[in-house]
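Results of the structural survey
What follows is each chain in one-letter form.
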Amino acid sequence: MTLVAVSDAGPLIHLAEIDSLELLSTFDTLLVPETVYREVKAGGVPNGLADLSYGLVEADERRIEAEELDAGERAAIAVAKERGVVLLSDDLAARKAASDAGVEVHGTIGIIALGYSRGLLDRDEAVSRMRALQRETSLFVTEAVVERGIRMLDEQ
């Protein structure tokens, strides 16, 4: 099975904050809209981003009518919908808009779980990184979400 995903800025930033950008190599193809790349670059290109294999893609974010979302989130949803690929986002409004549009969505916790299922991490390392997301990053994630992520590991 070939895994293709498009990311908004959130997972790129949050994985970089815990030195885990390499987990995005779990995807056979990773797409990053140019709008998202510019957003991430404006905050300083995260360490490790240059080491990732990803394709920069153009996207017409105007195709997604969701004023509560920023241009990068709209661009990522547009690419995911147009190409029928998974969206990577931690933003609740973006996740809802994508789901409403029929797009499969995974957040950073899900990326870590996928890294575990594909053998990039053992269970203890996956749990440690999920907990680090909560403690060491700018991502707001509740204990309940982390615990649900850990249960995902145990169900695999």
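Our structure is the block above this text.
Being a predicted model, the structure only gives us computed values, none of them experimental.

Turning our attention to the packing of helix α2 (residues 34–42) against helix α3 (residues 71–83). α3 packs onto α2 with a crossing angle of 145 degrees between their chain directions and a minimal axis gap of 8 Å. Seen along the crossing, α2 lies across α3 with a hand that is left-handed. Of the residues in α3, those in contact with T35, V36 and E39 of α2 are A71, G72 and A75. Of the residues in the contact of α2 with α3, the class split is three nonpolar, two polar and one charged.

On to helix α1 (residues 9–17), then. Summarising burial for α1: seven of the nine residues are buried, a large majority. Within α1, the full set of buried residues consists of A9, G10, P11, L12, H14, L15 and A16. Close packing links the buried residues of α1 with β1 (4–7), β2 (29–33), α2, β4 (86–88), α5 (108–117) and α6 (123–136). For α1, the N-terminal cap is D8; the gap from its side-chain oxygen to the backbone nitrogen of G10 is 3.1 Å. With its phi angle positive at about 50 degrees, D19 sits one or two positions after the end of α1.

Where β1 lies against β2, three bridges are found, and the strand directions are parallel. By the bridge assignment, A5 is partnered in β2 with L30. Handedness of the β-α-β unit built from β1, α1 and β2 comes out right-handed. Bridging between β1 and β4 involves three bridges; their strand directions are parallel. In the strand pairing of β4, S7 is matched with L88.

The terminal C-alpha atoms of α6, which comprises 14 residues, lie 19 Å apart, in line with the 20 Å expected from a rise of 1.5 Å per residue. Of all the residues in α6, the buried ones are A126, V127, R129, M130, A132 and L133. For α6, the secondary structure elements touched by its buried residues are α1, α5 and α7 (143–155).

A few words on the pattern of salt bridges. Scanning the model with the defined rule gives eight salt bridges in all. A salt bridge links K96 to D100, with the nearest nitrogen and oxygen atoms 2.8 Å apart. Linking K96 with D100, this pair stays in helix α4 (residues 92–100), spanning four residues, or about one helical turn. Of the two residues, K96 and D100, neither departs from the other in class, the shared state being exposed.

Another point: the nonpolar core. Core analysis: the largest hydrophobic core is formed by 35 residues, its most contacted members being L12, L21, L24, F27, L88, I112 and M130. Among the elements of the structure, α1, β2, α2, β4, α5, α6 and α7 are those that each provide at least two residues to this core. Residues in contact with L12, not counting those within four places in the same chain, are S7, L21, L24, V32, V36, V40, P46 and L49. Core analysis: the second largest hydrophobic core is formed by 18 residues, A66, I77, V79 and V85 among them.

Analysis parameters
Residues numbered from 1 in each chain as written. Predicted model: local features only at pLDDT ≥ 70, side-chain atom pairs only at ≥ 80, totals over all residues. Heavy atoms only, no water. Axes fitted to C-alpha atoms, helices over the stretch in contact; angles between N-to-C directions. Helix = DSSP H or I, 4+ residues; strand = E, 2+ residues; numbered from the N terminus. Left-handed = near helix turned anticlockwise from the far one by under 90°. Contact = heavy atoms within 4.5 Å. Nonpolar A, V, L, I, M, F, W, Y, C, P; charged D, E, K, R; others polar. Buried < 20%, exposed > 50% of the residue type's maximum accessible area, 1.4 Å probe, protein only. Polar contact = N/O pair within 3.5 Å; in protein donor to acceptor, adjacent residues only side chain to side chain. Pairing = 2+ DSSP bridges. Right-handed = clockwise from strand over helix to strand, strands pointing away. Expected span 1.5 Å × (residues − 1). Salt bridge = Lys/Arg side-chain N within 4 Å of Asp/Glu carboxyl O. Core = buried A, V, L, I, M, F, W, Y, C linked by side-chain atoms within 4.5 Å.

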